[in-house]
Amino acid sequence: MALTSRSPRLAHSAVALVLSALPSLLSAQQPRFGTLQGTILDAIGGHAAAATVELSRVQPEPVVTFAAHPDAKGGYRIDSLPPGEYVLHLSTPLLD
C-alpha cells in the first residue's frame, strides 16, 4: 500500500513508527564497554602499589593502550574498554 496525500493520517503514523524505532536501533549499534579490575600482590612486600597495569587492545586496529596504578591495597580498575583482543603488561620497580 503506497502512502499518498489522500491518507495523511497513515503517513504520519508510519513516520511516527519509524522515529520511535530509531532510538532502539541506534542503541543496539552502540559498542559495549568492559572493565578489568583486580588486586596485585607482591610475594615480597605485600601489596604492589608502585606497579603499573597496562592493557593494550591489539585487535581490531588501531592499537589502544589503557593504564592504571593500584591503590595502597593493590586494587586497580580500568573502565570503558572497547571490544577486542587485549594484551596485559604488568611492571613494577621491584622487577627492575
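Scroll up to find the structure this text is about.
Attention here is on the structure that accompanies the text. The shown structure was predicted, so the numbers you read here are calculated from the model rather than taken from an experiment. For every chain, the first residue of its written sequence is number 1, and the numbers climb from 1 along that sequence. Residue-level local features of this predicted model are given only where pLDDT is at least 70; pairs of side-chain atoms are given and counted only at 80 or more, and the full residue set underlies all totals for whole chains, interfaces and linings. The side-chain figures draw on all heavy atoms in the structure; neither hydrogens nor water molecules are used.

On to a nonpolar patch on the surface, then. A contiguous nonpolar surface patch, about 220 Å² in accessible area, is contributed by Val58, Val63 and Val87. Note that valine 58 resides in strand 4 (residues 52-59). When accessible area is computed with a 1.4 Å probe and restricted to protein chains, residues below 20% of their type maximum are described as buried, those above 50% as exposed, and intermediate ones as partly exposed. For valine 58, a relative accessible area of 30% corresponds to the partly exposed category. Patches here: salt-bridge-free residues with over 30% relative accessible area, like charges joined within 9 Å, nonpolar side chains (Val, Leu, Ile, Met, Phe, Trp, Tyr) joined within 5 Å. Here the open area of atoms and residues is found with the Shrake-Rupley method and a 1.4 Å probe, where only the protein chains shown may cover a residue. Here a salt bridge means any side-chain nitrogen of Lys or Arg lying within 4 Å of a carboxyl oxygen belonging to Asp or Glu. Helix and strand labels come from DSSP, where a helix needs a run of H or I of at least four residues and a strand needs a run of E of at least two; each type is numbered from the N terminus.

The subject of this paragraph is the nonpolar core. A general feature of soluble globular proteins is that nonpolar side chains tend to end up buried together. Of all hydrophobic cores here, the largest spans 10 residues; its members are Ile40, Ala48, Ala51, Val53, Leu55, Phe66, Ala68, Tyr76, Ile78 and Leu81. The set of elements that each furnish at least two residues to this core consists of strand 4, strand 5 (64-68) and strand 6 (75-81). Broken down by element, this core gets its largest block of residues, 3 residues, from strand 6. We call a set of buried Ala, Val, Leu, Ile, Met, Phe, Trp, Tyr and Cys residues a nonpolar core when their side-chain atoms join them within 4.5 Å.

Here the focus is unusual backbone geometry. Cis geometry is found at the peptide bond from glutamine 59 to proline 60, where omega equals -10°. Along the chain, proline 60 turns up in the loop between strand 4 and strand 5. Residues glutamate 61 and proline 62 are joined by a peptide bond in cis, for which omega reads 10°. Among the structural elements, proline 62 can be located in the loop between strand 4 and strand 5. Phi angles above zero are rare outside glycine, and serine 80 is one such case at about 60°. Among the secondary structure elements, serine 80 is positioned in strand 6.

So, about the environment of proline 82. With respect to the helices and strands, proline 82 occurs in the loop between strand 6 and strand 7 (85-91). Overall, the relative accessible area of 17% leaves proline 82 in the buried class.

Just distances and angles here, no functional claims.
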